[in-house]
Amino acid sequence: MVFQRYALFPHMSVAENIAFGLEMRKLAKPEIATRVAEAVRQVRLEGLEGRLPRQLSGGQQQRVALARALVIKPEVLLLDEPLSNLDAKLRHDVRLEIRELQQRLGLTTVFVTHDQEEALVLADRLVLMHRGRVQQIGSPTQLYEHPANHFVADFIGKSNFFRGRMVAEREFETEHGTRIKLGDRPGIAAPKLLALRPEKVALGSAAAAMENRYPARIELVTYLGSITEYKLRLGGGDRLVLHQQNRRPPGRPDGSGGQEVMVGWDLAACLTLLDAEAEEASP
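Fair warning: this is a prediction, and the values are worked out from it, not measured in the lab.

Trainee: Tell me about the side chain of Asp238, and name the residues and values.
Mentor: By the element assignment, Asp238 lies in the loop between strand 11 (227–234) and strand 12 (239–245). For the buried Asp238, no salt bridge exists, and the shortest N-O distance to an oppositely charged side chain is 8.1 Å, to Arg233. When sequence neighbours within four positions are dropped, the list of residues in contact with Asp238 reads Phe162, Thr174, His176, Thr178, Leu232 and Arg233.

Trainee: How would you explain empty space enclosed by the protein if you had to name every residue and give the values?
Mentor: Across all of its chains, the model carries 1 cavity of 30 Å³ or more by this definition. Leu66, Leu70, Leu77, Ile98, Leu101, Gln102, Leu105, Leu107 and Thr109 together form the lining of the largest cavity. Counting residues per element, the lining of the largest cavity draws most heavily on helix 4 (residues 88–105), at 4 residues.

Trainee: I'd like a rundown of unusual backbone geometry, residues and numbers included.
Mentor: Even without being glycine, Lys26 reaches a positive phi, approximately 60°. One can find Lys26 in the loop between helix 1 (14–24) and helix 2 (29–42). Here Lys73, not a glycine, exhibits a phi torsion of approximately 55°, which is positive. Mapped onto the secondary structure, Lys73 falls in the loop between helix 3 (58–70) and strand 1 (76–80).

Trainee: A description of the sheet that holds strand 9 (residues 202–203) should follow, citing residues and the corresponding values.
Mentor: Taken in spatial order, the 5 strands make up an open sheet running 9-13-10-11-12, and their pairing is antiparallel. Only two strands of the sheet have a single partner each, and these edge strands are strand 9 and strand 12. Across 7 bridges, the pairing between strand 10 (residues 212–223) and strand 11 is antiparallel. Counterpart to Leu220 in the pairing with strand 11 is Lys231.

So, how was this worked out
Residues numbered from 1 in each chain as written. Predicted model: local features only at pLDDT ≥ 70, side-chain atom pairs only at ≥ 80, totals over all residues. Heavy atoms only, no water. Helix = DSSP H or I, 4+ residues; strand = E, 2+ residues; numbered from the N terminus. Buried < 20%, exposed > 50% of the residue type's maximum accessible area, 1.4 Å probe, protein only. Lys, Arg positive; Asp, Glu negative; His and termini not counted. Salt bridge = Lys/Arg side-chain N within 4 Å of Asp/Glu carboxyl O. Contact = heavy atoms within 4.5 Å. 1 Å grid on protein atoms, 1.4 Å probe; cavity = no way out; pocket = protein on both sides within 12 Å on 5 of 7 lines; lining within 4 Å. Points joined across faces, edges and corners; volume = space filled by probe spheres on them. Pairing = 2+ DSSP bridges.

And the structure:
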């Protein structure tokens, strides 16, 4: 097991921390030395074997804890939010290292996290829980593209939510009066809630060919590096978040606060869900 705060022995060196489990199993010293050296190599800590935990960075301490768990050759590796104490850049780097190491060793791993991006990157199979109950089990793609309920759609990735009712076959009306056409896709027969991913929404001329098209006013434009995020309000009052990939050279994003634009999305873009309150009340 790799603990959230690593739980390294402060008075032991890197090599001694890694060797602890092997010594408790009373392995011969030559075998311990061989396996510790291999574990150190696996987590790229060569040259740091003699340092104490306080002499290491957060990422290096995390690697020591991981090596200590791996060196005993476990059947199952348990990781309890092991990256929560690292900064954002280091989290990104270390989680990829854990994923590569797990795949290389072919080791069954249970990874607990509250970070949705971390879950999508690391998991072959996700179990999403809320208040002690399983909400959905499946691949990252399944949970993102076909969420079982409001909680899943809200937790895995970002979503726009529209509350309302069906007013005709394949036509939904929001509480603010926006009429949304729906495609023929699996979902709730009489949905009370729609979810729409921000990247599924087109802006400006790209919206012209969409089945659902609406005038909107830009309220806020935020540059986020790889994407630009637009916060808009539709004519009836519904709010909408849109993500647009930044494929052009850096500069002023398309549109500015207060500008009138056209937005749109395909028939199949909206996910049909039960009403959030109904889900909470269901047994």
